[in-house]
Amino acid sequence: MIKSNAVFVFALVLANACGAAPSAEQQGGREIVYRFGEGYTQAAIDLAAPSKVRTLRAEAALVRKEFRGSGIAASWLVSPAAPGKQAPIALRVSRPGHLVSDLYIGTSSPADIQKQLGAPDESGPNWMAYRGLAEICSDKFTFRFGMGKLSEVEWDWCTD
């Protein structure tokens, strides 16, 4: 009896571990969402009118900058020694409409996101987060929901 219970528990643990890993298609979806955020942030940096960019504070030898527009907020670090090389810190998009693939702000549900990206790495009652692609630090992107529909996506990148 003990042996069969142990085998059953092992099978459940193995099934849970295998079920949590995203499929190749879901992993590809995660990479698309991650890279979309990087591109969107770079576009926001490049297209933001200088008068709408705020310099918030210096961090070591870096300057933190921020842009807020309709349904978008982006922040990044700039080195005074290399002003053309920006390092994104965060992006928040809440503008309703098409995001990427079959994901839409304002209409996609948590089930729609999980279908495309697999189970989240972290979650709460109104949010789901997925680890980013960085290997030496922790970055992520988070989906937030209002009334069961996607209301905002936030990307957070490492600044180490």
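Scope of this entry: the structure provided in the associated data block. (Residues numbered from 1 in each chain as written. Predicted model: local features only at pLDDT ≥ 70, side-chain atom pairs only at ≥ 80, totals over all residues. Heavy atoms only, no water.)

Glancing now at the overall build of the protein. When helices and strands are tallied, the protein shows three helices and ten strands. For the protein, the sequential pattern of α-helices and β-strands runs α-α-β-β-β-β-β-β-α-β-β-β-β. Scored against the burial criterion, the 160 residues of the protein give a buried share of 31%. In the protein, the share of contacts with a sequence separation of at least 24, taken over all contacts with a separation of at least 6, comes to 42%. Approximately 9,700 Å² of the protein is accessible, and the part contributed by carbon and sulfur atoms is 58%. (Helix = DSSP H or I, 4+ residues; strand = E, 2+ residues; numbered from the N terminus. Buried < 20%, exposed > 50% of the residue type's maximum accessible area, 1.4 Å probe, protein only. Contact = heavy atoms within 4.5 Å. Areas by Shrake-Rupley, 256 points an atom, 1.4 Å probe, with all protein chains shown as cover.)

Attention now goes to the environment of A49. Positionally, A49 belongs in the loop between α2 (24-47) and β1 (53-59). Sequence-wise, A49 and F67 are 18 residues apart; in three dimensions their C-alpha atoms are separated by 8.9 Å.

A separate point is the environment of A48. Within the fold, A48 resides in the loop between α2 and β1. What makes A48 buried here is its relative accessible area of 12%. In this structure the C-alpha to C-alpha distance between A48 and A74, which are 26 residues apart in sequence, comes to 9.9 Å. When residues no more than four places from it in sequence are discounted, the contact partners of A48 are V53 and F67.

This part takes up unusual backbone geometry. Unusually for a residue other than glycine, S101 sits at a positive phi of about 50°. If you trace the backbone, S101 turns up in the loop between β5 (97-100) and β6 (103-105). Phi is positive for M147, which is not a glycine, with a value near 55°. By the secondary structure assignment, M147 is in the loop between β9 (140-146) and β10 (149-156). Assessed through its relative accessible area of 86%, M147 is described here as exposed.

Over its 24 residues, α2 runs 34 Å from end to end, which matches the ideal 34 Å to within 8%, given 1.5 Å per residue. Among the residues of α2, Q26, G29, R30, V33, Y34, G37, T41, A44 and I45 are the ones counted as buried. (Expected span 1.5 Å × (residues − 1).)

Our next topic: the packing of aromatic side chains. In total, this model carries five aromatic pairs according to the counting rule given. Residues F36 and W155 carry aromatic rings whose centres are separated by 6.2 Å and whose planes lie at 45° to one another, so their mutual orientation is tilted. Note that F36 is positioned in helix α2 and W155 in strand β10, a separation of 119 residues in sequence. Aromatic pair Y130 and F141: ring centres 5.7 Å apart, planes at 20°, arrangement stacked. Placement of Y130 in strand β8 (residues 127-131) and of F141 in strand β9 is noted, with a sequence separation of eleven residues between them. What makes F141 buried here is its relative accessible area of 1%. Ring pairing ties together the aromatic residues F36, Y40 and W155, which thus form one cluster. (Phe/Tyr/Trp six-rings, centres within 6.5 Å; stacked < 30°, edge-to-face > 60°.)

The next thing to look at is the side chain of S108. Structurally, S108 can be placed in the loop between β6 and α3 (110-117). Beyond its immediate chain neighbours, meaning those up to four positions away, S108 contacts D102, L103, F145, G148, K149 and L150.

Attention now moves to the pattern of salt bridges. One pass over the full model with this rule turns up nine salt bridges. Salt-bridge contacts for R30 lead to D121; the nearest nitrogen and oxygen are separated by 3.6 Å. Of this pair, R30 sits in helix α2 while D121 sits in the loop between α3 and β7 (122-124); the two residues are 91 residues apart in sequence, bridging distant segments of the chain. For E152, the salt bridge identified is with R92, shortest N-O distance 3.8 Å. Of this pair, E152 sits in strand β10 while R92 sits in strand β4 (residues 82-93), placing them 60 residues apart in sequence. (Salt bridge = Lys/Arg side-chain N within 4 Å of Asp/Glu carboxyl O.)

So, to be careful, I would describe these as geometric facts and stop short of saying anything about function.
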